[in-house]
Structures are given as structure tokens and as C-alpha cells.
Amino acid sequence: MVFKLCCDLTIVTHVYLITSMVLDGSNHNLELLSTQTDAALIQACQAGNQGAIAVLYDRYSGLVYRLAFRMLGNAQEAEDLTQEIFVNLWRGTTYQADRGSLSSFLITLTRSRAIDRLRSRSSNFRFLQRWSQTLITKPAPATPFELASLEQRSEHVREALQQLPDKHRQVLELAYYEGLSQSEIAAQLGIPLGTVKTWSRQGLLTLKTHLKALIE
Amino acid sequence: MAESNFPQAPDELLAGYILGDLSSEELAELEALLRDDPAMQTELKQLQAVATVLPYGLPVAQPAAHVRTQVLAAVAAAPQNSGGRAKTKRRRLIPILAGSVAAIAAIAVGINNWQLRQQLGAAHAAIAQQQLALAQQTSLLTNQTELIAMLQQTKTQIMPLRGMAQLTNASGAAIVAEAQPAAILILKNLPPLPDGKSYLLWEVANNKKIACGAFRPNPQGQVFVKMPLANPDLTTLVVTVEESLTPDKPKGPMVMSSQI
């Protein structure tokens, strides 16, 4: 019996990945993987290890989701975006460890994609594209902040935010989470543009002072 | 604006840059300051870092459990570098992220590192593609070698599989060697399945159905894959369409069988 064997090459790899996930003791693997660094897990993803993306999801989905939920304002869209971010992380592999931490990358990407979605809701919506769409560009060892657990990080940032005067925090949040330009913020709050600039800059610098020990 | 008529503290300029509110004069002033001052470059990076940690301050929330299931199903259905889709995503992402990197680099050192990074990124991508192609060739060769070895054995069974119900065009066979608990599955005319669904191979032994594993056909509807078997004394092989990759028993429709 002769069979035609000229299958697409990729199918072989696909099927092996699926079957290996189904058949190997994946719980055991997840346990081992959960002790790995982000960089090692990204490498494992690039090598096709599906357990690695599961561990990264468990590590960062809460962070991605809370940002998506704050920006998009509903659970359905936030879940949709969370799914998109992690499936893209698996497929796209645009993250490069030498450009900064994975958590910073995920936050930047989530915010950027959320702004895309907000923009698609209304063509009149204007956005502040430059605001924080930046990555740390230099290879750097993990900072104390990155080594801290998610809960500890949240605690530090909340404490730092509480140090800000309400008005400074408000303009920062409008720019960051609503994607509003400074002139839109000025119009919305009924204050001069120069005041918005001063408050947001001072807010950011105060935050840096309080978080400095953790991020440098 | 009044405030830009006065010299500003370097810190104010940096914060203004991060917030995107600098005038072109302020931007030029900042550029000049950054060029000669490593301490200011460090400051800039710290402010960027602050901007990326803000969401930690948000109330803790978790996505519903089904999101995790959907992510893992999508990952299983779209293994690494599976073709054009992944490439399209990559192209779309690079300008968003690297574009801002370029702006920083141009200001800080006056050299457009971004182009170099892009070239390096493209070279890395090309190497990754080559490695993937090599891995795929190796996998195919391994499968073919194993198939030949199985066919050379005396106790090798060829179990024809035929399509049922809506898949009457599907056909092929499983090659089962007594010496090893595995089957090589060679099928054609299997239609693609929607996301979240997979073909599953089951072995029937002692009236029990045991899942061997999931597989997906290539774009031409062909399958060539080695599947492990739990029991070499199986009597029948069947293929079903399932939503779960690890069901205890078949729940979806049976689409192929070796006993027709």
C-alpha cells in the first residue's frame, strides 16, 4: 500500500506539540516551569513549550486584566484583550529580554492595544500617543521592583500614589487610563492648560521620588 | 504658552517629554541636555519605568477562568511560527514599540539605533525561521524513517480508516506495529475545524475507548503524524471532533472509523 506523504511540513510540528501537551504529565511540567524566570519562560515559549505560556499567564494575567478593565470599562472587552495579549505573546514573540522587563512590556502593549480599542469606539477621540509608550532601552539586571511579588509591587505603587495631591493624581490618571490629551484634560476639568502640564509633571516626578529606590 | 518662555528645570523637561507635552523648543533644549549628560539619561529611564508601573496601583482583579482555557486552546491550535498570521502580528507590533525606542535613542545619543536594532531583529527572525524549517524537516524525516521501520517489521498492521457522516471523502490508514505502542496516522480530505475544536484519535480495546491524542490537518486536509497508543491489542481506531483536548470519553461526532 502506498500512501502519499507529501504533507505540509508544519503539520508534523503542530501535531507533536498538541499531542505532547495532552499526553505528558503537564502538571509536573507546570510545577517545574513555575520556578523559572520570565526570560527562561519566554525562551521556552519560543521553543514551542505550551506549559510556559500557561505559567506566564498565571503570573501576569491579573496585571494585564486590571489595566484593560480600567481602560475599557467592561469585563467582556477586558477579557478579550487579555486573551489577545497572551495569544500574541505566544505567537508574536516581539518581546526581547534585553529591552526591559516582561511586565513593563506587557503593560505597554496592553495600554497601547486598549487605546487602539478606545480609538475605534470614537473617531473624535484624541490620544496622547507618546505618553509612556516607551520601553527601558538598556539591558538591565532585575531591579528590586521586578524581584518583588505582584502584591508587593502593587502595595508600593499604591503607597506612592497616595502621596500625590488628588489633583496631580487625577490628571495623571486621565492621561494614562483615558488616553486624553492635556488640552482635553484642561477642557474637561475647566483649568488652564499650563496648570495641567504643571500638575501632571509634578505628579510624575513625585511618583518617581517615591518609587526611585525600587526602579533604579 | 507662558511657561515655555522661562528656562525650566531639567526634571520638568524630562517629565514633560514622558507626558508628551513639550514644545519643539523645549524638545531641542532637552535633546542638548541629554546628549552630554548620562545622569539625565538615567533620569529619563527612571521616569519611563515609573510610567510603566502605574497599573500596579489599580484594584486587584482577575479575568474569569474561561479566559485561561481559551488562551491555552488558542495556543494549542496555533503552535509557534505557524505561518503568515504570526508574521503579520510581528510587523504591526514593531512600529508601535520600537518607534518610541528610536525617539529616545535619537535624543539621548544622537544616533538612530533603531535602524540597527531593526536590522538585527530581522537577522534574528531570519535565523529563527531557518531553525524552524530545519526542525520541521527533521521531524518529517523522523516520521518517515519510523514509518519505513514499521513497514519493515513482520507484525505490522495497516488499518484503513474511512470517513463517516459528513466526512465521506476522508480516507487513509493507521500503521500499527506490534513491537511499539504507537501508530502512524496518514489521512487525507479532512476539512479544517473552527478554532477551539480538534480531531481526536481514539483506540478501542476491550470495549473501552481511550484517547490517543489530538491532531489537525494541514491546509491541504492531510495528516501525517505519529500517535502513541496505550494498548497495542486494540481492535478499532476511531476519530471524533472534540472541543476538549483531554476528554474522558468521546463527546463530539465520530467522523472516521477503522470498522466500516
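Quick look at the structure, then. What you see is a predicted model; the values in this text were computed from it and never measured.

Reading the values: rules and limits
- Residues numbered from 1 in each chain as written.
- Chains lettered and ligands numbered in written order.
- Predicted model: local features only at pLDDT ≥ 70, side-chain atom pairs only at ≥ 80, totals over all residues.
- Heavy atoms only, no water.
- Helix = DSSP H or I, 4+ residues; strand = E, 2+ residues; numbered from the N terminus.
- Areas by Shrake-Rupley, 256 points an atom, 1.4 Å probe, with all protein chains shown as cover.
- Buried < 20%, exposed > 50% of the residue type's maximum accessible area, 1.4 Å probe, protein only.
- Polar contact = N/O pair within 3.5 Å; in protein donor to acceptor, adjacent residues only side chain to side chain.
- Contact = heavy atoms within 4.5 Å.
- Core = buried A, V, L, I, M, F, W, Y, C linked by side-chain atoms within 4.5 Å.
- Pairing = 2+ DSSP bridges.
- Axes fitted to C-alpha atoms, helices over the stretch in contact; angles between N-to-C directions.
- Parallel < 35°, antiparallel > 145°, perpendicular 65-115°, else oblique.
- Left-handed = near helix turned anticlockwise from the far one by under 90°.
- Nonpolar A, V, L, I, M, F, W, Y, C, P; charged D, E, K, R; others polar.

A closer look at the overall build of chain A
When its secondary structure is counted, chain A shows 11 helices and zero strands. Counting from the amino terminus, chain A carries its helices and strands in the arrangement α-α-α-α-α-α-α-α-α-α-α. Summed over all atoms, the accessible surface of chain A reaches about 9300 Å², with 52% contributed by carbon and sulfur.

So, the environment of B:A77
Examined against the element boundaries, B:A77 turns out to sit in helix 4 (residues 65-77). A relative accessible area of 21% places B:A77 in the partly exposed class.

Overview of the side chain of A:T110
Residue and element names in this part refer to chain A. Its place among the elements puts T110 in helix 6 (residues 102-121). Within the structure, the side chain of T110 is placed 2.6 Å from the backbone oxygen of L106, a separation counted as a polar contact. Excluding its chain neighbours within four sequence positions, the residues that come into contact with T110 are V64, L67, A68, L81 and I85.

Brief notes about the nonpolar core
Formed by 72 residues in total, the largest nonpolar core has its most connected members in A:L89, A:L102, A:L106, A:L204, A:L207 and B:L30. Here this core gets 14 residues from one element, more than from any other, and that element is helix 4 (residues 50-72) of chain A. When neighbours within four sequence positions are excluded, A:L106 is seen to be in contact with A:Y60, A:V64, A:I85 and A:L89. Formed by 25 residues, the second largest nonpolar core is a distinct cluster that contains B:L161, B:L193, B:C212 and B:L234.

Let's talk about the pairing of strand 3 (residues 182-188) of chain B
Residue and element names in this part refer to chain B. By the criterion of burial, strand 3 is predominantly enclosed, with six of the seven residues buried. Bridge analysis of strand 2 (residues 171-177) against strand 3 gives six bridges, and the strand direction is antiparallel. For I175, the partnering residue across the bridge sits in strand 3 and is I184. Between strand 2 and strand 3, which follow one another and run antiparallel, lie four residues.

A short note on the packing of helix 1 (residues 10-19) of chain B against helix 3 (residues 38-53) of chain B
Residues and elements named next belong to chain B. Axis separation between helix 1 and helix 3 bottoms out at 10 Å; the angle between their running directions is 45 degrees. On the basis of the axis angle, helix 1 is oblique to helix 3. Every pair of crossing elements has a handedness; the one defined by helix 1 and helix 3 is right-handed. Note on element contacts: helix 3 touches helix 1 through M40, E43, L44, L47, Q48 and A51, opposite P10, D11, L14, A15, Y17 and I18.

Re the sheet that holds strand 1 (residues 156-163) of chain B
Residues and elements named next belong to chain B. The antiparallel open sheet is built from eight strands, whose spatial order is 5-4-7-8-1-2-3-6. For this open sheet the edge positions go to strand 5 (208-215) and strand 6 (223-228), each flanked by a neighbour on one side alone. Neighbour to neighbour, the strand axes of the sheet diverge by 25 degrees on average, direction disregarded. Examined bridge by bridge, strand 3 and strand 6 share six bridges and lie antiparallel to one another. When the sheet's bridge partners are listed, I184 is paired in strand 6 with K226.

Describing unusual backbone geometry
All names here are of chain B. Backbone geometry places N189, a non-glycine residue, at a positive phi of 60 degrees. Considering the arrangement of structural elements, one finds N189 in the loop between strand 3 and strand 4 (198-205). A relative accessible area of 39% means that N189 is categorised as partly exposed.

Some remarks on the packing of helix 4 of chain A against helix 8 (residues 150-162) of chain A
Packed helix pairs are specified by the crossing angle of their axes together with the interaxial distance, meaning the distance between the axes. Residue and element names in this part refer to chain A. In contact at an axis separation of 11 Å, helix 4 and helix 8 are set at 30 degrees when each is read in the N-to-C sense. In terms of their interaxial angle, helix 4 and helix 8 are classed as roughly parallel. In this structure, helix 4 contributes R59, Y60, L63 and R66 to the contact, and helix 8 contributes L150, R153, S154 and R158. Its residues assigned to classes, the contact of helix 4 with helix 8 shows three nonpolar, one polar and four charged.

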